[in-house]
Amino acid sequence: MLLEIKNLHAEINGKEILKGIDLTVNAGEVHAIMGPNGSGKSTLSSVLVGNPMFDVTEGSVRFGGKDLLELEPEDRSREGIFLSFQYPVEIPGVSMVNFMRAALNEHRKYKGLDPISASDFLKLMREKRAIVELDNKLASRSVNEGFSGGEKKRNEIFQMAMLEPKLAILDETDSGLDIDALRVVANGVNQLRTPENAAIVITHYQRLLDYIKPDFVHVLYKGRIVKSGGPELALELETKGYDWLKENE
Amino acid sequence: MQDSNAIINEVTNSDYKYGFVTDIDTELIHRGLNEQTVRIISAKKEEPEWLLEFRLKAFRHWQTLEMPDWAHLNIPPIDYQDIIYYAAPKQKEGPKSWDDVDPELVKTFDKLGIPLHERAQLAGMAVDAVMDSVSVKTTFKEVLAEKGIIFCSFSEAVRNYPDLVKQYLGTVVSYRDNFFAALNSAVFSDGSFVYIPKGVRSPMELSTYFRINAANTGQFERTLIVADDESYVSYLEGCTAPMRDENQLHAAIVEIIALERAEVKYSTVQNWYPGDKDGKGGIYNFVTKRGICKGEGSKISWTQVETGSAITWKYPSCILAGDNSVGEFYSVAVTNNHQQADTGTKMIHLGKNTKSRIVSKGISAGFSQNSYRGLVKVSPKAVNARNHSQCDSLLLSSTCGAHTYPYVDIQNETAVVEHEATTSKISEDQLFYCQQRGIGVEEAVGLIVNGYAKEVMNKLPMEFAVEAQKLLTISLEGSVG
């Protein structure tokens with residue numbers, strides 16, 4: 001198995017958000033995590049990539065056989081975990097080209113490979129840019145600076161294409177996207193699917209799942225996975241909303 | 001929060017690579033400064049009477065002055081009688097060939113990445129290497145001479161080209177200019193001299209590399225660059241010093257004269273020893289640099305990357321006397337730990353249609369203080385003067401300070417003067433974003449800082465841009481906050 005989360009508890013500023021998550025993801029699978037606002041969806045993705053704002057208080061996470069929680073955030077990335085941020089950060093002055101080359105070469109170094117040559121790198125950039133229809137002009141600008149909401153999300157998927165992660169976590173990638181941008185982003189994600197990699201798609205709405213077909217759907221509520229099922233669960237949620245969760249309390 | 005502060009501290013604790021001392025026989029004179037000291041220095045250099053007179057006038061004037069205290073700097077009292085004003089590595093009189101240069105000296109400069117053997121040289125770069133008070137060796141002199149370019153140590157220029165030196169010495173920075181200028185004019189020991197004849201473009205970068213080695217000494221060098229009509233030269237200066245617990249004084253003067261349509265590009269990578277983490281030791285860098293665009297359509301461009309020194313007091317300036325002349329100042333000043341810098345420029349518009357541009361990027365970390373101080377002055381006769389100033393500050397800790405003091409003095413109503421300023425911080429979100437892509441915190445800081453300073457770094461000669469980029473990253477190791 002690729003990812004195994006057991007009884008994961010995490011808190012921020014002393015407030016417990018995740019209250020015992022269990023989740024197993026195998027290569028080739030797409031898992032959707034749905035749930036109302038404040039249920040802990042983004043906390044889960046933050047904890048998996050090692051965001052220092054959150055403290056893990058209990059439980060374990062294994063990734064590719066390694067103890068994920070022991071790894072620095074940059075090493076988790078180099079091991080193959082990629083997060084498409086809900087709110088990608090702007091880094092003025094650092095061009096996308098330099099940023100991506102630095103990232104790619106760090107990944108290569110971790111694998112014991114030499115830095116990529118300038119011409120191979122530019123070729124790769126061109127090829128991967130096409131997947132999300134990212135303009136060349138954007139690629140030569142500073143990281144996310146002056147990008148529209150849709151461009152930022154496309155830029156996230158472009159970076160994912162460049163780094164070819166084993167596990168991609170898409171955190172509310174559909175938020176703030178119009179229907180055309182959503183289609184471009186989803187197409188990009190689908191093109192990158194292989195039997196060797198996996199994805200966790202975090203979303204509030206069923207809409208994204210029309211384009212990215214999940215194998216499993218999980219409902220997160222108050223820090224716990226309260227229900228799991230196949231793609232039909234997402235449709236059920238779409239018609240019923242999340243209110244039934246509260247009634248079950 | 002605390003975690004990331006710890007990371008940031010780790011990243012900015014710097015490691016100074018050039019802190020070694022060369023064990024070499026050094027000729028020193030006694031400590032202290034009086035008229036006799038000035039005479040001894042002049043005699044050691046076998047100077048003509050007029051130069052001794054110049055020194056003595058400067059010394060007498062210096063005695064009437066007080067150290068300036070207007071900068072945003074906390075300078076501990078300096079005992080000028082406790083400094084050795086002349087130190088020379090002992091070697092046979094004026095190295096004529098390679099066999100005469102002490103191998104220890106060659107080794108030292110090799111270690112600093114400055115090969116003195118011409119065959120080992122970077123292509124397209126001639127070097128004058130100055131250790132303590134004297135010039136050790138100037139490379140490629142013969143190649144340059146074919147074009148009529150003079151590039152030699154200051155002492156040699158006094159011997160071989162006394163008329164040129166006499167004509168220009170002190171014409172841009174008078175010994176009356178300020179306390180440190182007077183001190184330098186009295187006791188300067190060596191430095192570089194450059195003359196580019198009419199219509200000649202220097203076929204290579206000229207460069208002086210300054211090294212302080214001896215203890216308890218001050219370094220007082222002087223550089224004089226004269227670019228005759230329609231000539232061009234790009235000049236680069238670098239500097240390092242050993243790590244010592246005592247502070248050492250460096251008070252230099254650089255004068256540039258650009259005649260009609262001449263262009264001089266002067267770049268500095270200043271990496272004097274900055275002191276340790278707790279602010280102990282380090283160089284006091286009190287320097288007066290000024291150029292005059294004397295001729296019509298001439299241009300002087302200063303680029304500086306300042307990462308070293310415990311205290312920096314330095315304002316490379318341009319006097320735009322010729323009509324249509326252009327002055328530029330591009331600066332990156334990094335302060336970390338307990339370093340202090342008060343640096344900037346003066347653009348003095350005298351001629352018609354003169355233009356100036358100022359780009360200053362301050363980066364502060366640790367407990368350092370980093371100030372930009374600049375003056376844009378437009379005189380009554382400077383019709384249609386233009387200036388654009390941009391001063392940005394980047395803060396890497398919450399315990400450092402960044403300050404901007406822009407002065408504007410406009411006496412002609414046709415002037416257009418613009419000033420922009422920004423202050424920013426490297427956020428934890430930015431660092432985490434980089435980490436999530438596999439870039440460690442240290443590399444991320446380097447990437448962001450170099451991106452921030454790009455506009456200035458791009459102005460450096462190619463050969464040095466990469467070195468300077470590394471230097472920026474190293475200077476900030478252990479600092480992010």
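About the criteria used
- Residues numbered from 1 in each chain as written.
- Chains lettered and ligands numbered in written order.
- Predicted model: local features only at pLDDT ≥ 70, side-chain atom pairs only at ≥ 80, totals over all residues.
- Helix = DSSP H or I, 4+ residues; strand = E, 2+ residues; numbered from the N terminus.
- Rg over C-alpha atoms; globule rule 2.2 N^0.38 Å.
- Buried ≥ 20, exposed ≤ 12 C-beta atoms within 10 Å, placed from the backbone.
- Contact = placed C-beta atoms within 7 Å.
- Pairing = 2+ DSSP bridges.
- Core = buried A, V, L, I, M, F, W, Y, C linked by C-beta atoms within 7 Å.
- Axes fitted to C-alpha atoms, helices over the stretch in contact; angles between N-to-C directions.
- Left-handed = near helix turned anticlockwise from the far one by under 90°.
- Nonpolar A, V, L, I, M, F, W, Y, C, P; charged D, E, K, R; others polar.
- Expected span 1.5 Å × (residues − 1).
- Arc of directions from axis to C-beta.
- pLDDT = per-residue confidence, 0-100.

1. Side note on the overall build of chain A
- The helix and strand tally for chain A stands at 9 helices and 12 strands.
- Taken over the C-alpha trace, chain A has a radius of gyration of 18 Å; the compact-globule value for 249 residues is 18 Å, and the two agree within 12%.
- Projecting the C-alpha coordinates of chain A onto the three principal axes gives extents of approximately 60 × 40 × 35 Å.
- Taken across its 249 residues, chain A has 43% of its residues classed as buried.
- Contacts in chain A between residues far apart in sequence, at least 24 positions, make up 70% of those at least 6 positions apart.

2. Things to note about the overall build of chain B
- Secondary structure assignment for chain B yields 12 helices and 23 strands.
- Relative to its full complement of 481 residues, chain B shows a buried share of 56%.
- Considering only contacts in chain B between residues 6 or more positions apart, those separated by 24 or more positions represent 83%.

3. Here's the deal with the pairing of strand 2 (residues 15-25) of chain A
- Here strand 1 (residues 3-12) of chain A runs beside strand 2 of chain A; their pairing, made up of 8 bridges, is antiparallel. Its bridge partner lying in strand 2 of chain A, Leu-3 of chain A is registered against Val-25 of chain A.

4. Some details on the interface of chain A and chain B
- In this complex, chain A contributes 20 residues to the contact, which on the side of chain B involves 18 residues.
- Put simply, the parts of the chain that give the side of chain A that touches chain B at least two residues each are helix 2 (73-79), strand 7 (91-95) and helix 3 (96-110) of chain A.
- With 6 residues, helix 3 of chain A is the single largest residue contributor to the side of chain A that touches chain B.

5. Regarding the nonpolar core
- Membership of the largest hydrophobic core comes to 192 residues, with the highest contact counts inside it found for Val-194, Ala-227 and Val-264 of chain B.
- Sequence-distant contacts of Val-194 of chain B, that is, excluding residues within four places in its chain, are made with Ile-150, Phe-151, Leu-206, Ile-225, Val-226, Val-233 and Tyr-235 of chain B.

6. Quick look at the sheet that holds strand 12 (residues 224-229) of chain A
Residue and element names in this part refer to chain A.
- Taken together, 6 strands build an open sheet; the order of strands is 6-9-10-3-11-12 and the sheet is mixed. In the strand order of this sheet, the two ends are held by strand 6 (81-84) and strand 12, each with one partner. Here the average twist between neighbouring strands, direction ignored, is 20 degrees.
- Here 5 bridges tie strand 3 (residues 30-34) to strand 10 (residues 198-203), and the two strands are oriented parallel to one another. When the bridges of strand 10 are listed, Val-30 appears paired with Ala-199.

7. Looking at the packing of helix 3 of chain A against helix 6 (residues 149-163) of chain A
Residues and elements named next belong to chain A.
- Running from amino to carboxyl end, helix 3 crosses helix 6 at an angle of 35 degrees, the nearest separation of the two axes being 10 Å. Pair helix 3 / helix 6 crosses with right-handed handedness. Residues Met-100, Ala-103, Leu-104 and His-107 of helix 3 lie in contact with helix 6, whose contacting residues are Gln-159, Met-162 and Leu-163.
- Taken together, the residues of the contact of helix 3 with helix 6 break down into 5 nonpolar, 2 polar and no charged.

8. Remarks on unusual backbone geometry
Residues and elements named next belong to chain A.
- Even without being a glycine, Asn-7 presents a positive backbone phi close to 45 degrees.
- Relative to the elements of secondary structure, Asn-7 occurs in strand 1.
- Residue Asn-7 is classed as exposed on the basis of its C-beta count, with 12 C-beta atoms lying within 10 Å.
- A positive phi is found at Glu-172, a non-glycine position, where the angle reads about 50 degrees.
- By the secondary structure assignment, Glu-172 is in the loop between strand 9 (167-171) and helix 7 (179-191).

9. Concerning helix 4 (residues 118-131) of chain A
Residues and elements named next belong to chain A.
- Relative to the 20 Å expected for 14 residues at 1.5 Å per residue, helix 4 spans 21 Å between its end C-alpha atoms, a close match to the ideal helical length.
- Of the residues making up helix 4, those classed as buried are Met-125, Lys-128, Arg-129 and Ile-131. Along the axis of helix 4, the buried positions cluster into a sector of 135 degrees, meaning they face one direction only. Opposite the buried face of helix 4, at more than 90 degrees from it, the exposed residues are Ser-119, Asp-120, Lys-123, Arg-126 and Glu-127.
- Once helix 4 finishes, Glu-133 follows within two positions and takes phi at roughly 50 degrees, a positive value.

10. With respect to helix 2 (residues 35-44) of chain B
Residue and element names in this part refer to chain B.
- Of the residues making up helix 2, those classed as buried are Thr-37, Val-38, Ile-41 and Ser-42. Along helix 2, the residues classed as buried sweep out an arc of 130 degrees about the axis, all on the same side. In helix 2, the exposed positions angled more than 90 degrees off the buried face are occupied by Gln-36 and Ala-43.
- For helix 2, the elements touching its buried residues are helix 3 (49-63) and helix 8 (179-187).
- Glu-46 sits one or two positions beyond helix 2 and adopts a positive phi of about 50 degrees.

11. A closer look at the sheet that holds strand 1 of chain A
Residue and element names in this part refer to chain A.
- On the basis of which strands lie adjacent, the open sheet formed by 4 strands has the order 2-1-4-5 and antiparallel pairing. One side of each edge strand has no neighbouring strand; the edge strands of this open sheet are strand 2 and strand 5 (66-67).
- Helix 1 (residues 41-49) contacts strand 1, strand 2 and strand 4 (55-63) of the sheet and is inclined by roughly 75 degrees relative to strand 2.

12. A short note on the environment of Ser-202 of chain B
All names here are of chain B.
- Considering the arrangement of structural elements, one finds Ser-202 in the loop between strand 6 (190-196) and strand 7 (205-211).
- A count of 21 C-beta atoms within 10 Å places Ser-202 in the buried class.
- Each C-alpha atom, one on Ser-202 and one on Gly-148, is 9.7 Å from the other, the two residues being 54 residues apart in sequence.
- The contacts of Ser-202, once residues within four sequence positions are left out, are Ile-149, Ile-196, Tyr-232, Val-233 and Ser-234.

13. A word on the packing of helix 9 (residues 428-436) of chain B against helix 10 (residues 441-452) of chain B
Residue and element names in this part refer to chain B.
- Packing of helix 9 against helix 10 leaves a shortest axis separation of 9 Å and a crossing angle of 115 degrees. The chirality of how helix 9 crosses helix 10 is right-handed. Together, Gln-430, Leu-431, Cys-434 and Gln-435 of helix 9 and Val-441, Ala-444, Leu-447 and Ile-448 of helix 10 make up the contact between the two elements.

14. Considerations on the confidence of the model for chain B
- With 85% of its residues at a pLDDT of 70 or more, chain B has an overall mean of 85.
- Low pLDDT, under 50, characterises residues 1-14 of chain B; the stretch is placed with 39 contacts to residues that sit more than four places away or in other chains.

15. Re the environment of Gly-170 of chain B
Residue and element names in this part refer to chain B.
- Looking at the element boundaries, Gly-170 is found in the loop between helix 7 (162-168) and helix 8.
- Separated by 83 residues in the primary sequence, Gly-170 and Ile-253 have C-alpha atoms spaced 9.4 Å apart.
- Each residue touching Gly-170, except ones within four places of it in the same chain, is listed here: Phe-54, Tyr-175 and Ser-185.

16. Overview of the environment of Val-287 of chain B
All names here are of chain B.
- By the element assignment, Val-287 lies in strand 13 (residues 282-293).
- Through-space distance from the C-alpha of Val-287 to that of Ala-251 is 5.1 Å; in sequence the pair is 36 residues apart.
- In this view, Val-287 contacts Ala-251, Ala-252 and Lys-314; residues no more than four positions away in its chain are not counted.

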